[in-house]
Amino acid sequence: MTPSTPQPRAQREAPDLDAEREIDLRSYLNTLVLRWWLPAAGLVGGVAIGFLISLSGNQVWTAKTTIYLGQPLSPTGAVQIQSPATNPSVVGTIIHSHGALVAAARQAGLPVSKLNGHVSSKPVSGALTKLGQTPLVQISVTGSSPRKIQLAANALARIVIKNTSHYVSTKITSLKSQLDGYATTLGTIDRTIAGLTKGAGSSGLSTTDRLIASIELSSLTLQRSQVVDSQATARQLLQVAQGVELGQVQASGVTKTTAKSRRNTVIVAALLGLLLGIFAALLWDPVARVVRR
C-alpha cells in the first residue's frame, strides 16, 4: 500500500478573503446597531457643544474704505506733478501714525487699542494705473463692532486725503479767490459801462465828449471780454482741481470675515461627536474585555 503524498502547497484551497471581509463588516454593523445609543449621544452632544461655542465666539468684521488720492497737476493744468498723493505707500504711513489712530478712534467711539494693529492698506487690485498716476487705495479696519469700525475706516480715509491734498487744497482756495476777484471786476466794469452808455446818450454832451465816451466804452468792452475769458479758464481749472486733482472717498462697506458661522460650527461639532460615538461603539467590547482581564 502506497503512502499518500501531501498535495503541493499551491494546490491547497486559498482562504476566501471576500467572505472574511464581509464577516468583519457585518460584525462592525452589528456592533453599531447594538450600541446605537453611543453615536446618537455623540451626535446630540456635538450639536449642543457646537451651539454653545457659536454663542460664546465673537464675530470679526472688516470695514473697507476705498479712496482716490488725487492726481495733482501744474498750476496751468497741463503737466502732472509728483506729490505725496502720487505715492500709495504714504497711506500706510499715515493710518499707522499715533495721531491718526487717536483721531479716528475718537470719531468712532473706540479705544485706540482697538485700532492699533487692526488697520491696513493696499492698492486696489486691477486699479493700478501708469507710472506717475495715482491708483485706488483700500483702507481696512477689523473689529467686533461693524458700525464703529466703519466710522474709523472713513475717518482714516478723510485724514489721509487731508494730509495728501495740501497742494490741491491751496490751489482750489486760490482759484476761488480769483473767481471772486473776476466777479468783482465784472461788476465794476458793468456799472461803468452802464454809466457811460447813459451819459453818451445825453443831448447835452458835445461831439468831443461823445467820442471820448465811445472810446472808453470800446476799451471797457474789450476789458470785460478778457475778464470773462479769464473767469471761464479759472472755472475750468477749479472743476479739474475738485474732480481730478483732489482726493476722494470712492466707496465704503463692512463685511463679516470670520470663517465660521453658527450653522457651520454646529455641523462640524455634530460630525465630530458622531465620529467619536462610532469609535466608542466599535471599541466598547475590546475595551471591556481588557478591563475584565
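Residues numbered from 1 in each chain as written. Predicted model: local features only at pLDDT ≥ 70, side-chain atom pairs only at ≥ 80, totals over all residues. Heavy atoms only, no water.

A. Structural detail: the layout of surface pockets. The computed volume of the largest pocket comes to approximately 220 Å³. Taken together, 12 residues line the largest pocket, and the ones lying closest to its centre are K114, T142, G143, S144 and S145. Of the residues belonging to the lining of the largest pocket, the class tally is 3 nonpolar, 7 polar and 2 charged. (1 Å grid on protein atoms, 1.4 Å probe; cavity = no way out; pocket = protein on both sides within 12 Å on 5 of 7 lines; lining within 4 Å. Points joined across faces, edges and corners; volume = space filled by probe spheres on them. Nonpolar A, V, L, I, M, F, W, Y, C, P; charged D, E, K, R; others polar.)

B. Examining the pairing of strand 3 (residues 136-143) more closely. Counting buried positions along strand 3 gives 6 out of 8 residues, so the element sits mostly inside the fold. Two elements, strand 1 (residues 61-68) and strand 3, share 8 bridges in a ladder whose sense is antiparallel. The residue bridging A63 from the neighbouring strand is V141, located in strand 3. (Buried < 20%, exposed > 50% of the residue type's maximum accessible area, 1.4 Å probe, protein only. Helix = DSSP H or I, 4+ residues; strand = E, 2+ residues; numbered from the N terminus. Pairing = 2+ DSSP bridges.)

C. Structural context of the sheet that holds strand 4 (residues 248-256). Judged by pairing direction, the sheet is antiparallel, and its 4 strands sit side by side in the order 2-3-1-4 without closing on themselves. Two strands lie at the open edges of the sheet, namely strand 2 (119-123) and strand 4, each paired on one side alone. On average, adjacent strands in this sheet sit at an angle of 20° to one another, irrespective of strand direction. In terms of strand pairing, strand 2 meets strand 3 through 5 bridges, oriented antiparallel. Within strand 3, the residue paired with K122 across the bridge is Q138. (Axes fitted to C-alpha atoms, helices over the stretch in contact; angles between N-to-C directions.)

D. How the structure looks around helix 7 (residues 207-245). With 39 residues, helix 7 extends 55 Å between its outermost C-alpha atoms, agreeing within 8% with the 57 Å of an ideal straight helix rising 1.5 Å per residue. Those residues of helix 7 that sit buried are A213, L217, L220, V227, Q231, A234, L237, L238, A241 and E245. (Expected span 1.5 Å × (residues − 1).)

E. Here's a closer look at the pattern of salt bridges. For the structure on display, the rule yields 2 salt bridges. One salt bridge in this structure joins K171 and E245, with 2.9 Å as the shortest N-O distance. Within this pair, whereas K171 is found in helix 6 (residues 166-200), its partner E245 is found in helix 7, the two being separated by 74 residues in sequence. Take K171: its relative accessible area is 9%, and that puts it in the buried class. (Salt bridge = Lys/Arg side-chain N within 4 Å of Asp/Glu carboxyl O.)

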